[in-house]
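A structural walkthrough
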Amino acid sequence: MSTVAKFPEKIHVASSYDVRKIRKDFPILHQTVHGKPLVYLDNAATTQKPLAVIEAIENYYRRDNSNIHRGVHTLSERATEAYEKVRVAAQKFLNAADHKEIIFVRGTTEAINLVAQTYGRKNVGNGDEVLITAMEHHSNIVPWQLLCDEKGARLRVAPINDRGELQLDEFEKLLGPKTKIVAVGHLSNALGTINHVRDIVRMAHARNIPVLVDGAQAAPRMQVDVQALDCDFYALSGHKIYGPTGIGILYGKTKLLEAMPPYQGGGDMIASVTFDKTVYNRLPYKFEAGTPNIADTIGLGAAFEYLNQLGLEQIEQHEADLLAYATKSVEAISGVQLIGTAKEKAGVLSFVMEDIHPHDIGTILDTEGIAVRTGHHCAQPVMQRFGIPATARASFGLYNTREEVDALVKGIRRVQEVLG
Ligand code: C6P
């Protein structure tokens, strides 16, 4: 069937990475589904939470719950300190130059909408262009379409090849004087492709065009260094990095954030208000109107700490081993075709099966206790590019094992027995 990416035969996983021990940190993994042990392979949709995260949220509500940046009382001071500590942790996690470059938002989707509605509305005009790629998630398409519709601008799309890799030469050709911003995914949720962000940034910056990176799938899977990438904006979701839902991060370079208008108006984003004039607060508060999601920010802080303890490099190696093993095992099954065979991939194995709808694959796998996602993965243009309605997608996390990959392979064979 398909030609798959060639992975090294054996990937070195550090011996200190003890996945059995790590699994004990995740209570949800220890259950049966339809009488079978749960095999959770839907980590690209959302990851499970370690006890450290669950307990951080519980402890906050038991001990410290209070509004932040407002009260002089002890609880408010404690909550404010805990909240701001997470900003510093996020700065370190991304290697941002300054903690004021970290804006707390609801997630990747809100981060991208924020940039489109502030930077975009200010800088993109009639006849201008926004450049994205053909492998973007809807969250990195629709906010730009909204902006382009409003401004009379044009959305340009850089093509991908049959392996699901960005055609960098075509991408570069689309950069021009009308391009006002580039927005690219770091790692495709539908294909697993890792984009060469550093090269993309270099090409765009040579023409003074800023670059936003959708890091929703990369942040949990690889060490991200925004200064080394030199990107202008980086977006991520807490729930995909083993933290809570409803919290995420927008990183932005100070110079750009300073020049952008606020996103929403309300409390905390102001320095002073009269009916005649409002002076906005300094960074990062200018972009954090209203009472924020304090509890989940604190939960996200625990997730950063947890990931730092395990080490992103070790997680990356562990998942690379799982993906290589899964790729080899799944492509060996006749009647299965992998979608997304880029040379550089991580975390995601999308596939289709001859004469079987992906939805049916997911339903039968579920009866075996195996959780995968089926559908278009909020990347309908990717499905259109490959001429398919949907795929089944197994996506790996730091707690998955080779035995779980074996269970997936057995499950796929079971699908063929039932429906083949
Ligand atoms: N992808 C998936 O199953 P939010 O919903 O804001 O946390 O993340 C949006 C998003 C943006 N970019 C990429 C590359 C993503 O993968 C996602 C979320 C999930 O693939 C849910 S659709």
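Residues numbered from 1 in each chain as written. Predicted model: local features only at pLDDT ≥ 70, side-chain atom pairs only at ≥ 80, totals over all residues. Heavy atoms only, no water.

1. A short note on the domain arrangement of the chain
Accessible area lost upon the coming together of the parts serves often as the stated size of an interface. Looking at the chain, the domain boundaries give domain 1 (55–308) and domain 2 (311–419). Centre-to-centre separation of domain 1 and domain 2, based on C-alpha positions: 29 Å. Each side of the interface is counted separately: domain 1 has 31 residues, and domain 2 has 33 residues. Summed over both partners, the interface of domain 1 with domain 2 comes to about 2600 Å²; 54% of that surface belongs to carbon and sulfur atoms. Between the two partners, domain 1 and domain 2, sit two salt bridges. A salt bridge links aspartate 162 to arginine 385; the nearest nitrogen and oxygen atoms lie 2.8 Å apart. The tally of links between domain 1 and domain 2 comes to 20 residue pairs in polar contact (both at pLDDT 80 or more). No other element matches the three residues that helix α10 (residues 294–310) contributes to the side of domain 1 that touches domain 2. (Domains from an automatic or database assignment. Contact = heavy atoms within 4.5 Å. Buried area = accessible area lost by both parts, 1.4 Å probe. Salt bridge = Lys/Arg side-chain N within 4 Å of Asp/Glu carboxyl O. Polar contact = N/O pair within 3.5 Å; in protein donor to acceptor, adjacent residues only side chain to side chain. Helix = DSSP H or I, 4+ residues; strand = E, 2+ residues; numbered from the N terminus.)

2. Concerning the site of the ligand
Around the ligand sit 16 residues, and of these Thr109, Asp214, Ser237, His239 and Arg373 come closest. Residue serine 237 places a side-chain N or O atom 2.7 Å away from an oxygen atom belonging to the ligand. Considering the ligand on its own, with 520 Å² of exposed area, one finds that the protein chains cover 87% of that surface. Classifying every residue of the shell around the ligand by side-chain character gives four nonpolar, eight polar and four charged. Two domains each donate at least three residues to the shell around the ligand, and these are domain 1 (55–308) and domain 2 (311–419). (Near = heavy atom within 4 Å. Areas by Shrake-Rupley, 256 points an atom, 1.4 Å probe, with all protein chains shown as cover. Nonpolar A, V, L, I, M, F, W, Y, C, P; charged D, E, K, R; others polar.)

3. Side note on the packing of aromatic side chains
Considering all chains together, one arrives at eight aromatic pairs under this definition. A centroid spacing of 5.8 Å and a plane angle of 90 degrees characterise the contact between tyrosine 242 and tyrosine 399, whose relative ring orientation is edge-to-face. On the criterion of sequence distance, the pair formed by tyrosine 242 in the loop between β9 (233–237) and β10 (248–252) and tyrosine 399 in the loop between β17 (391–395) and α14 (402–419) is long-range, its members being 157 residues apart. On the accessibility criterion, tyrosine 399 (0% relative accessible area) is buried. Its guanidinium or amino end placed over the ring of tyrosine 325, arginine 402 lies 4.3 Å from that ring's centre, counting from NZ or CZ. (Phe/Tyr/Trp six-rings, centres within 6.5 Å; stacked < 30°, edge-to-face > 60°. Buried < 20%, exposed > 50% of the residue type's maximum accessible area, 1.4 Å probe, protein only. Lys NZ or Arg CZ within 6 Å of the ring centre and 35° of its normal.)

4. Re the pairing of strand β7 (residues 179–185)
β7 sits mainly inside the fold: six of its seven residues count as buried. Pairing geometry for strand β5 (residues 129–133) and β7, over three bridges, is parallel. When the sheet's bridge partners are listed, glutamate 129 is paired in β7 with threonine 179. With four bridges joining them, β7 and strand β8 (residues 211–214) adopt parallel strand pairing. Residue pairing across strands places glycine 185 opposite aspartate 214, the latter belonging to β8. Each parallel crossover has a hand, and for β7 linked through helix α7 (residues 197–205) to β8 it is right-handed. (Pairing = 2+ DSSP bridges. Right-handed = clockwise from strand over helix to strand, strands pointing away.)

5. Focus on the sheet that holds strand β14 (residues 348–353)
Across the sheet, four strands lie side by side as β13-β14-β17-β16; this open sheet has antiparallel pairing. Looking at the sheet topology across the chains shown, the edges are occupied by β13 (336–339) and β16 (373–375). Taking the axes of each pair of neighbouring strands and ignoring which way they run, one obtains an average angle of 30 degrees across the sheet. The sheet strands contacting helix α11 (residues 312–331) are β13 and β14, and the helix crosses β14 at an angle near 10 degrees. (Axes fitted to C-alpha atoms, helices over the stretch in contact; angles between N-to-C directions.)

6. Details of the packing of α11 against α14
As a packed pair, α11 and α14 sit with axes 10 Å apart at the nearest point and diverge in direction by 25 degrees. With respect to α14, the axis of α11 lies roughly parallel. For the pair α11 and α14, the crossing hand works out as right-handed. Contacts from Asp321, Leu322, Tyr325, Ala326, Ser329 and Val330 in α11 reach Arg402, Val405, Asp406, Leu408, Val409 and Ile412 in α14. Broken down by class, the residue content of the contact of α11 with α14 amounts to eight nonpolar, one polar and three charged. (Parallel < 35°, antiparallel > 145°, perpendicular 65-115°, else oblique. Left-handed = near helix turned anticlockwise from the far one by under 90°.)

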